[in-house]
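Take a look at the letters that make up each chain.
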Amino acid sequence: MSSRLRFGVWSPVHGPRAAWQDPEEPFNASWEHNRDIVLAAEALGYDSTLVALHTVNPYVADKDQLEAWTASAALAALTSRIEIITAIKPYLYHPVVLAKMALQIENISRGRFGFNLVNAWNRAEFEKAGIPFGEHDARYAYGREWIEVVERLIRGERVSHQGENFHISDYQLTPKSPVRDRPRIYLGGESEPARALAVDFADTFFLNGQPLEDVQAFISDIRRRPRKGEPISFGLAAFVIARETEREAQENYRHLAALAEKDAGMRAEVASRTDRNVVMVRNFAKSARIGSNGGTAAGLVGSYDQVAERIWAFHKAGIDLFMLQFQPLHTELARFAHELFPRLGREAPAPGAVQAQRAEARPALHSINP
Ligand SMILES: Cc1cc2nc3c(=O)[nH]c(=O)nc-3n(C[C@H](O)[C@H](O)[C@H](O)COP(=O)(O)O)c2cc1C
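Just so it is clear, the structure is predicted and the values come from calculations on it, not from any experiment. (Residues numbered from 1 in each chain as written. Predicted model: local features only at pLDDT ≥ 70, side-chain atom pairs only at ≥ 80, totals over all residues. Heavy atoms only, no water.)

### Section: the overall build of the protein chain
Looking only at helices and strands, one finds 13 helices and 12 strands in the protein chain. The C-alpha atoms of the protein chain give 20 Å as radius of gyration, which agrees with the globular expectation for 370 residues (21 Å, within 12%). Projected onto its principal axes, the C-alpha coordinates of the protein chain cover approximately 60 × 50 × 45 Å. Residues counted as buried form 57% of the 370 residues belonging to the protein chain. Considering only residue pairs separated by 6 or more positions, the protein chain has 76% of its internal contacts joining residues 24 or more positions apart. For the protein chain, the computed accessible surface area is about 15900 Å², with 52% contributed by carbon and sulfur atoms. (Helix = DSSP H or I, 4+ residues; strand = E, 2+ residues; numbered from the N terminus. Rg over C-alpha atoms; globule rule 2.2 N^0.38 Å. Buried < 20%, exposed > 50% of the residue type's maximum accessible area, 1.4 Å probe, protein only. Contact = heavy atoms within 4.5 Å. Areas by Shrake-Rupley, 256 points an atom, 1.4 Å probe, with all protein chains shown as cover.)

### Topic: the side chain of Glu42
By the element assignment, Glu42 lies in helix H1 (residues 31–44). Buried within the structure, Glu42 lacks any salt-bridge partner; its nearest side chain of opposite charge belongs to Arg112, at an N-O separation of 4.5 Å. In this structure the side chain of Glu42 is engaged in a polar contact, spanning 2.7 Å, whose partner is the backbone nitrogen of Ile82. (Lys, Arg positive; Asp, Glu negative; His and termini not counted. Salt bridge = Lys/Arg side-chain N within 4 Å of Asp/Glu carboxyl O. Polar contact = N/O pair within 3.5 Å; in protein donor to acceptor, adjacent residues only side chain to side chain.)

### Digging into helix H2 (residues 68–78)
For H2, the set of buried residues is Ala68, Trp69, Ala71, Ser72, Leu75 and Ala76. Down the axis of H2, the buried set is contained in an arc of 155 degrees. They therefore lie on one face. Opposite the buried face of H2, by more than 90 degrees, sit the exposed residues Thr70 and Ala77. For H2, the side-chain oxygen to backbone nitrogen distance between the N-cap and Trp69 is 3.2 Å, and the N-cap itself is Glu67. (Arc of directions from axis to C-beta.)

### Details of the site of the ligand
If you check the shell around the ligand, you find 24 residues, and the closest are Lys89, His136, Tyr140, Ser191 and Val279. Interatomic distance of 3.0 Å between a backbone N/O atom of Ala120 and an oxygen atom of the ligand. Interatomic distance of 3.1 Å between a backbone N/O atom of Glu190 and an oxygen atom of the ligand. Here the ligand, which alone exposes 620 Å², has 99% of that area covered by the protein. Listed by contribution, the elements that provide at least two residues to the shell around the ligand are helix H5 (136–153) and helix H10 (279–284). Of the residues in the shell around the ligand, the class split is 13 nonpolar, 9 polar and 2 charged. (Near = heavy atom within 4 Å. Nonpolar A, V, L, I, M, F, W, Y, C, P; charged D, E, K, R; others polar.)

Keep in mind these values describe shape, not function.
Okay, here's the thing in C-alpha cells:
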C-alpha cells in the first residue's frame, strides 16, 4: 500500500456511461451539466475529475460532445480544490500548443491540473478530419516523441528538438507552474508500448476497470521495470453500484444491464470503427460489464461494505486513485460520498454540502449562464 486513497469522477462529456435509454438519466453532455457535476463532486469531497477527450461523440456522432480543454479551463476557474485531469491524444495537438494550454490551466487552477495521455481508438475521429490514423504502435511512437517535448516545455525548460515529427528551436514557455515543477502526467492504456511509455514519462498509470488479479499482475509487471525518479502510482477506472444490501445492488445491475441492451446497435456501430489492436478493447471481450473503460469489470457492485472491502483490496495492490462512474450520476455520486467515504477512512460530506455550494456559487454562475 502506498499513499492516500483518492477518488475522482468521470465528467459526463458524452452522456451517460452505462445506458443511453434510461428515463432516470436523460442524455446530457452540456457544459452546464458537466460543470454542475464537477462542482457537486468538489463539494462532496472528491479529489479529482477526469475530462475525456473526443472531438465528436464517439458513440453517436451527431450527439453533443463537450470540448475537453476549453471546458477544463473553465472548470479550473470555477473550482478551488478538486484536481482537473484532461485527456490528450497527441495527433490532435502540436506539442508546443498543448504544453502552453496545460501551463495555462495549471496557472488558472494554481497547481491542480494534470493531463492523461491516451493513444486513441476511434478511427473515424481522425480520418474524417483528414488526420492520418497511424497503426497502434506507430501512434505510440509518435506519442513518445510528443511527450518528450511536452514534458520539457511544461517544466519551463528552453527546448530545441530535431526529431522525426517535430522540429523545435529554442522554445520556452512562461509562466510555468506557480507551485511545482510541472503539471501531473497520467497515462491511460494497457498494451506493451503503453507500459513502456508510462514507465518513462507518467507520474500515474491509469488502468481500465478489471478484476483484482489482473490489476495485481499488471502492477507487478510495471514495478519490475527500471525507472528514473519517483515510483509510478496507479489509478483505476470503475463503475460503481453500491447499495445497503448485495441483493439491491445486483437488482440495480440487472436493471442497468437490461437498459444497456437497448444500445446494442450503437455498440456494434462503435466496434466497426474501433482499432482492433487496442488492448483495452480486446480485454473488454473477456467478460460482461456495464460502463465505459472496463466499468463494472472491476467488481465494485455490491453492498456498501463489500464495495469498501474491494476498494481496500485494490488499494493494497497499489491503486491510489479510483476514477468512478455512476448512473444516475448526481444521485449515485452523492450516495458514494455519504456511504463509502466513512467506510474508507475519510469524512462523510456535511448534510446539504452540494446545496450549500450551489447557493454560494449561484451569483457567479448566473452571470456566466443567465
Ligand atoms: C483511464 C483511461 C482514460 C481514457 N480516456 C480516453 C479519452 O479521453 N479519449 C480516448 O479516445 N481514449 C481514451 N482512453 C482509451 C485509450 O485511448 C485506449 O486505451 C488506448 O488506445 C490505449 O490503447 P492500449 O490499451 O492498446 O494501450 C482512455 C483509457 C483509459 C485507461
